[in-house]
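Structural overview for review
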Amino acid sequence: MSPTPSTPHTEAPAPALAPRELETLRHIASGCTYLQAARQMGLSSHTVDAYLRRIRAKLAINTTAELTRWAIALGL
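Quick look at the structure, then. (Residues numbered from 1 in each chain as written. Predicted model: local features only at pLDDT ≥ 70, side-chain atom pairs only at ≥ 80, totals over all residues. Heavy atoms only, no water.)

**A word on the nonpolar core**
Ranked by internal contacts, the top residues of the largest apolar core, which has 16 residues, are Leu25, Leu52, Ile55, Leu59, Leu67 and Trp70. Those elements that place two or more of their residues in this core are α1 (19-29), α2 (34-41), α3 (45-59) and α4 (64-74). Beyond its immediate stretch of four places on either side in the chain, leucine 25 contacts Leu17, Ile55, Leu67, Trp70, Ala71 and Leu76. (Core = buried A, V, L, I, M, F, W, Y, C linked by side-chain atoms within 4.5 Å. Buried < 20%, exposed > 50% of the residue type's maximum accessible area, 1.4 Å probe, protein only. Helix = DSSP H or I, 4+ residues; strand = E, 2+ residues; numbered from the N terminus. Contact = heavy atoms within 4.5 Å.)

This is the structure:
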């Protein structure tokens, strides 16, 4: 398992993300829209949105832009 970076807001380690959350994050960080990510994952765009809301809550990140920056720093 690769190390998780700290969130931009704190030095505490970021909580672990579920495999499906990581997959969703990879799609969004690579530039996919919610609908594109949903189609590639075989999900609805509402489910992708729910995953991203859960990820942002776990990481205490407010925007998709911040989330994308975090994913890039992680190497996703």
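**Quick word on the environment of isoleucine 55**
Tracing the chain through its elements places isoleucine 55 in helix α3. Taking the C-alpha atoms as reference, isoleucine 55 lies 9.5 Å from threonine 24; in sequence the two are 31 residues apart. When neighbours within four sequence positions are excluded, isoleucine 55 is seen to be in contact with Leu17, Glu21, Leu25 and Leu67.

**Thoughts on the environment of alanine 50**
The topology assignment puts alanine 50 in helix α3. For alanine 50, a relative accessible area of 25% translates into the label partly exposed. Alanine 50 sits 29 residues away from glutamate 21 along the chain, and the two C-alpha atoms are 9.6 Å apart.

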